[in-house]
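Observations on the three-dimensional arrangement
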Amino acid sequence: MGFGTAISTQIAFMKPVTLFAPVLLCLTLAGKPIQAQIGSELFEWTPADAGARDWFGASVAIDDNLAIVGAPLWDTPLAWNAGAAYVLDVTTGEQIYRLGAPNPTSSDAFGISVDISGANAIVGAHRGVNPDPFAGSAYVFDMSTGGNLLKLVASDVGQEDRFFGFSVGISDDVAVVGTRPDTGFGSGAAYFFDVDTGEELFKVVSANAEDGFAHSVAISENTAIVAASGDIARAGSAYLYDV
């Protein structure tokens, strides 16, 4: 997921509805459990190695008893703003893993986007060198070990639509990764991958040149959604795909 897109099977509203959802989990300060009641806050959490301006919480996702939180400006000892993603047990508030790119470089922004589904998580690093600076990449991790399974890259990312990994989604054995334009508002693309093999399955693009396509993406089972936040005079659109 990127900035705020999520998809859930068989949920639709037929008319405008205003929802006031209670906070179930807030990850900010130090693992203190609070009595679990409907609508009550369960945990506040911050990683022990958090630094100023790490941007922890820039992206979040949750599946069953695991949550993942991106910190795309986290610094390694040798690479500033390389980024990290933290995996948490939502039943205890404990950190399970800190994920990072296998070969981090400065300004990778690993953690700008995250998603998790079952045994796998995906993390975008939209400014990673691949080999072009800021071409971007996405990484799939095994949640049973924390190990990196795949590095996903686009077959044809060019100068006009770099930043592959700006948005990500994963469900079962399919992942979707969005790009965003290098300059201006422009239009990105969404790439679909087989998580078992790393093979790029197909790519979808918008017919409109300046619609911000793929600013955010999500996937659930056989359906994916790709947002074009600048479509129709910046009013925005979202496109559903059968995958």
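This text goes with the structure placed above it.
Description of the structure in this document. Since we're looking at a predicted model, the values are computed, not measured. All residue numbers refer to position in the chain's written sequence, counted from 1. In view of the model being predicted, local features appear only for residues whose pLDDT reaches at least 70, and side-chain atom pairs are presented and counted only at 80 or more, with totals across whole chains, interfaces and linings using the full set of residues. In computing side-chain properties, one takes all heavy atoms of the structure into account and sets aside hydrogens as well as water.

1. Section: the overall build of the protein
In terms of regular secondary structure, the protein is built from one helix and 15 strands. Taking all 243 residues of the protein together, the buried fraction comes to 47%. Put simply, 43% of the contacts in the protein that link residues at least 6 apart link residues at least 24 apart. All accessibility values rest on the Shrake-Rupley procedure with a 1.4 Å probe; residue burial counts only the protein chains present in the view. Within the structure as shown, the protein displays about 12100 Å² of accessible surface, and the carbon and sulfur contribution to it stands at 55%. Under the scheme used here, helices are H or I runs from DSSP no shorter than 4 residues and strands are E runs no shorter than 2 residues, and both carry numbers assigned from the N terminus. Relative accessibility under 20% of the residue-type maximum defines a buried residue, over 50% an exposed one, and the middle range a partly exposed one, all with a 1.4 Å probe and only protein chains included. Should any heavy atoms of two residues lie within 4.5 Å, those residues are counted as being in contact.

2. Focus on the side chain of Asp 54
Take Asp 54: it is sitting in the segment before strand E1 (59-63). It turns out Asp 54 is buried and unbridged, and the closest side chain with the opposite charge, Arg 53, is 8.0 Å from it. In protein, a polar contact requires one atom able to donate a hydrogen and another able to accept it; more generally it is a pair of N or O atoms within 3.5 Å, and residues adjacent in sequence count only if both atoms are side-chain atoms. One polar contact links the side chain of Asp 54 to the main-chain amide nitrogen of Gly 51, over a distance of 2.7 Å. Apart from residues lying up to four places away in sequence, Asp 54 is in contact with Asp 49, Ala 71, Pro 72, Leu 73, Trp 74 and Asp 75. Positive residues here are Lys and Arg, negative ones are Asp and Glu, while His and the chain termini are left out of the count. We define a salt bridge as a contact between a side-chain nitrogen of Lys or Arg and a carboxyl oxygen of Asp or Glu at a distance within 4 Å.

3. Some points on the pairing of strand E2 (residues 66-71)
Among the six residues that make up E2, six are buried, leaving the element largely enclosed by the rest of the structure. Taking every second residue as pointing to the same face, both faces of E2 are buried, with Leu 66, Ile 68 and Gly 70 on one and Ala 67, Val 69 and Ala 71 on the other. We treat two strands as partners when DSSP finds at least two bridges between them. Where E1 folds back on E2, the antiparallel hairpin that results is connected by two residues, among which Asp 64 adopts a positive phi of roughly 55°. Sheet topology note: the E2/strand E3 (residues 84-89) ladder contains six bridges and is antiparallel. What sits directly across from Gly 70, in E3, is Ala 85.

4. Looking at the nonpolar core
Core analysis: the largest hydrophobic core is formed by 17 residues, its most contacted members being Ile 68, Leu 99, Phe 110, Val 123 and Met 143. Mapped onto this core, the elements with two or more residues apiece are E2, E3, strand E4 (95-99), strand E5 (110-117), strand E6 (120-125) and strand E7 (137-142). Here Ile 68 is in contact with Ser 59, Val 60, Ala 61, Ala 85, Tyr 86, Val 87, Leu 99, Val 114, Asp 115, Ile 116, Ala 121 and Val 123, once residues within four sequence places are set aside. As used here, the term nonpolar core means buried Ala, Val, Leu, Ile, Met, Phe, Trp, Tyr and Cys residues forming a set that is joined through side-chain atoms within 4.5 Å. Counting residues in hydrophobic clusters, the runner-up holds 15 residues, among them Val 140, Val 177, Ala 189 and Tyr 191.

5. With respect to the pattern of salt bridges
Side chains carrying opposite charge are able to pair once their charged atoms draw close together. Under the criterion given, the structure shown has two salt bridges. The partner of Asp 49 in a salt bridge is Arg 98, and the shortest N-O contact between them spans 2.6 Å. Residue Asp 49 is located in the segment before E1, and its partner Arg 98 is located in strand E4; the two are separated by 49 residues in the primary sequence. Since its relative accessible area comes to 30%, Asp 49 is described here as partly exposed. Linking Lys 203 and Asp 156 is a salt bridge whose minimum nitrogen-to-oxygen distance equals 2.9 Å. In this pair, Lys 203 sits in strand E12 (residues 200-205) while Asp 156 sits in the loop between strand E8 (148-152) and strand E9 (167-171), placing the two residues 47 residues apart along the sequence. On the accessibility criterion, Lys 203 (32% relative accessible area) is partly exposed. According to the relative accessible area criterion, Asp 156 is partly exposed, its value standing at 38%.

6. So, the sheet that holds strand E15 (residues 237-242)
Spatially, E13-E14-E15 is the arrangement adopted by the three strands of the open sheet, whose pairing is antiparallel. Every interior strand has two partners, whereas the edge strands, strand E13 (213-220) and E15, have only one. Here the strands of the sheet are splayed against their neighbours by 20° on average, with no regard to which way each runs. Sheet analysis places E13 next to strand E14 (residues 223-228), joined by six bridges and oriented antiparallel. What sits directly across from Val 217, in E14, is Val 226. Simply put, an axis is a line fit to the C-alpha atoms, just over the touching stretch for a helix, and the angle between two N-to-C directions goes from 0 to 180 degrees.

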